[in-house]
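Understanding the architecture of this molecule
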Amino acid sequence: MEVDEEEPLLVSSRRTGGLRTLPSIIVNESLERLASSGLSSNMTRYLTGDYGMSATAASYVLSLWSAASNFTPVIAAFLADSYVGRYPMIGFGSIICFFGMLVLWLTAAVPGARNFVVLYTSLALMSIGAGGVRSSSMAFGADQLRKGGRSLESYVAWYFVSVTASVLVGMSVVVYIQDNMGWTVGFGIPVVLMFLSAVSFYLSSPFYVKEKPSPSLIAGLLQVAVASYKKRGLRFSSMEFDNNNVMYHNPPGSTHLIPTHRLRFLNRACIIRNPGTEVSVEGKASDPWSLCSVEQVEGVKALIRIIPIWSSGIILAVATTPNAFQYLQVASMDRHITSNFQVPAGSFATFTMIFITIWVPLYDRLLIPLASKIAGKPVRLNVKLKMGVGIVFMCLSSAVAGVVESRRRALAIEQGFSDDPQAVVTMSAFWTLFTQMLGGLAEAFNVIGQNEFYLSELPTAMSSIATTLGGLNMFIGNLVASFILKSVDDLTKGGGKESWVSTNLNKGHFDYYNWLVCILNILNLIYFLVCSKGYGPCKGEDDYKDDVSCGHEFN
């Protein structure tokens, strides 16, 4: 990773943390992702073949498994930040995930274990384990660094590319082994990988920085809302009060002394009206549901303020949600590299990940250092600019996808394939790589920017929650994508017309669907720009100011 001299990752005087701990943390989740993707990518064939499920039933089971694996990290993040701690949560998740994969392997290796109870138990264990690992790994790595800035930017980028590369290997190498060596070997490899993942994580245990959880985190969020409501009648006049004579609650060890001016209506929660009765001798609030600390209030403000920008990631997640029509499109095009070899249609989905794994190291190790050398000072894109650039690339990706499909469909009709969706048109499938490349750049900029944004803007005590917000976007985005797809199907097939998203792409209009997604992305870009302007500068930017409320009236 690229490291600034001003922001060292490893300091000799520190006995814990630093660069030496990051490989074990990154390897832990990378191996978990490699193992999980190696199982999920080929699970449809296993369920329909060995378990005799219908394609619809298998899709339903896998959809529930995917949704659970995307949602459990959110729950685990709250538990890690509030009660358990990140280190125990990752360790717990690694072990549970290992046992889940071991149980799944038994369904292939032991004939008597091939029943639905054992199958569903394995899927449930893997979802719970994935929640433990994915909820805290990135945040735990960030705990090992002294501060943010370039160090955090480089760490998040390499974390993202490592996980992406692992998924790529899982979807290709592990799936190939399953297809050619059988399920016993194919499911056994993820078990071994998950075991190595847990071992690699625990081997570095003495060197980790292990932040303690904040037991009052979840309750604290509610307490601020309740205390603010209780004091809703409290009003100030700037003529009578200012920050020098208003008393704010700062228990021992607090880092915030005065609340910021943003969302100032919440500042009521930390104002002391009667010091003798509201604050104990130890400096703690007598009733935490009536008086909160400035630190609590600022944490709630930070969480509320990022919600608009966070929500802009939902439409981007919609655009990146895979669907069967992308496979059908590629399958109906010429996929030959040579006269004797053609790329499998299912493998085209990996090109996006290939572009990501190439671009991120190129950006981090070549472009940024080169730009810094030319400018004569450290150069880096701020996190909101990264997110915006990502949305722009996604707009271009959707537009190009529409153009490519429009040309493919026209060729299919011209060549007489209107009623033959299985026919292959004389158009190279590699035209879709432009869409894949732009989509990969969109994910690289936006997803990495999102994670940096959440980690830098939210309090350290919420780091696990911060790193799962992107996954929550994906969870909601997948649901929204399904809703949009079904709505388009229902609205466009009326009156005897062929649906835009018909299984027969030559009669449907999948190009119109792509342009619809493009329009949604353009609207999302406008929404993001409005939210970004309203948010103001992020921490670490030159024009960032930690504004404090200066006696203005509370409304």
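Anything mentioned here points back to the structure above.
Given the structure is predicted, the values throughout are model-derived calculations rather than measurements.

1. A few points about the packing of aromatic side chains
- One pass over the structure, following the stated rule, counts 30 aromatic pairs.
- In textbook terms, an aromatic cluster arises when at least three aromatic residues are bridged by ring pairs, as seen for Tyr-46, Tyr-51, Phe-116, Tyr-120, Trp-183 and Phe-187.
- Across the ring face of Tyr-87, the terminal group of Lys-210 is positioned such that the distance to the ring centre comes to 4.3 Å.
- The ring of Tyr-535 carries the charged tip of Arg-305 above its face, separated from the ring centre by 3.9 Å.

2. Considerations on helix 12 (residues 350-375)
- For helix 12, spanning 26 residues, the distance from its first C-alpha to its last is 36 Å, which sits close to the expected 38 Å at 1.5 Å a residue.
- Of all the positions in helix 12, only Thr-350, Phe-351, Thr-352, Met-353, Ile-356, Thr-357, Val-360, Tyr-363, Asp-364, Ile-368 and Ser-372 are classed as buried.
- Phi turns positive, to about 75°, at Gly-376, one or two residues after helix 12.

3. Quick notes on the packing of helix 14 (residues 433-457) against helix 15 (residues 463-492)
- Two numbers describe how helix 14 lies on helix 15: the axes approach to 8 Å, and their chain directions differ by 150°. Considering the angle they form, helix 14 stands roughly antiparallel to helix 15. Once helix 14 is placed against helix 15, the crossing between them reads as right-handed. Contact with helix 14, carried on its side by Gln-450, Asn-451, Tyr-454 and Leu-455, involves Ser-463, Ala-466, Thr-467, Leu-469, Gly-470 and Asn-473 of helix 15 and no other residues of that element.

4. As for the packing of helix 15 against helix 16 (residues 510-535)
- Two elements in contact, helix 15 and helix 16, have axes whose closest approach is 12 Å; the angle formed by their N-to-C orientations is 130°. As the angle between them shows, helix 15 and helix 16 are arranged oblique. The way helix 15 lies across helix 16 gives a crossing that is right-handed. Where helix 15 abuts helix 16, its residues Ala-481, Ile-484, Leu-485 and Val-488 lie against Tyr-513, Leu-516 and Leu-520.

5. Remarks on unusual backbone geometry
- The phi angle at Leu-263 is positive, at roughly 50°, despite the residue not being glycine.
- Examined against the element boundaries, Leu-263 turns out to sit in the loop between helix 8 (217-230) and helix 9 (275-278).
- According to the relative accessible area criterion, Leu-263 is partly exposed, its value standing at 28%.

Rules of the game
- Residues numbered from 1 in each chain as written.
- Predicted model: local features only at pLDDT ≥ 70, side-chain atom pairs only at ≥ 80, totals over all residues.
- Heavy atoms only, no water.
- Phe/Tyr/Trp six-rings, centres within 6.5 Å; stacked < 30°, edge-to-face > 60°.
- Lys NZ or Arg CZ within 6 Å of the ring centre and 35° of its normal.
- Helix = DSSP H or I, 4+ residues; strand = E, 2+ residues; numbered from the N terminus.
- Expected span 1.5 Å × (residues − 1).
- Buried < 20%, exposed > 50% of the residue type's maximum accessible area, 1.4 Å probe, protein only.
- Axes fitted to C-alpha atoms, helices over the stretch in contact; angles between N-to-C directions.
- Parallel < 35°, antiparallel > 145°, perpendicular 65-115°, else oblique.
- Left-handed = near helix turned anticlockwise from the far one by under 90°.
- Contact = heavy atoms within 4.5 Å.

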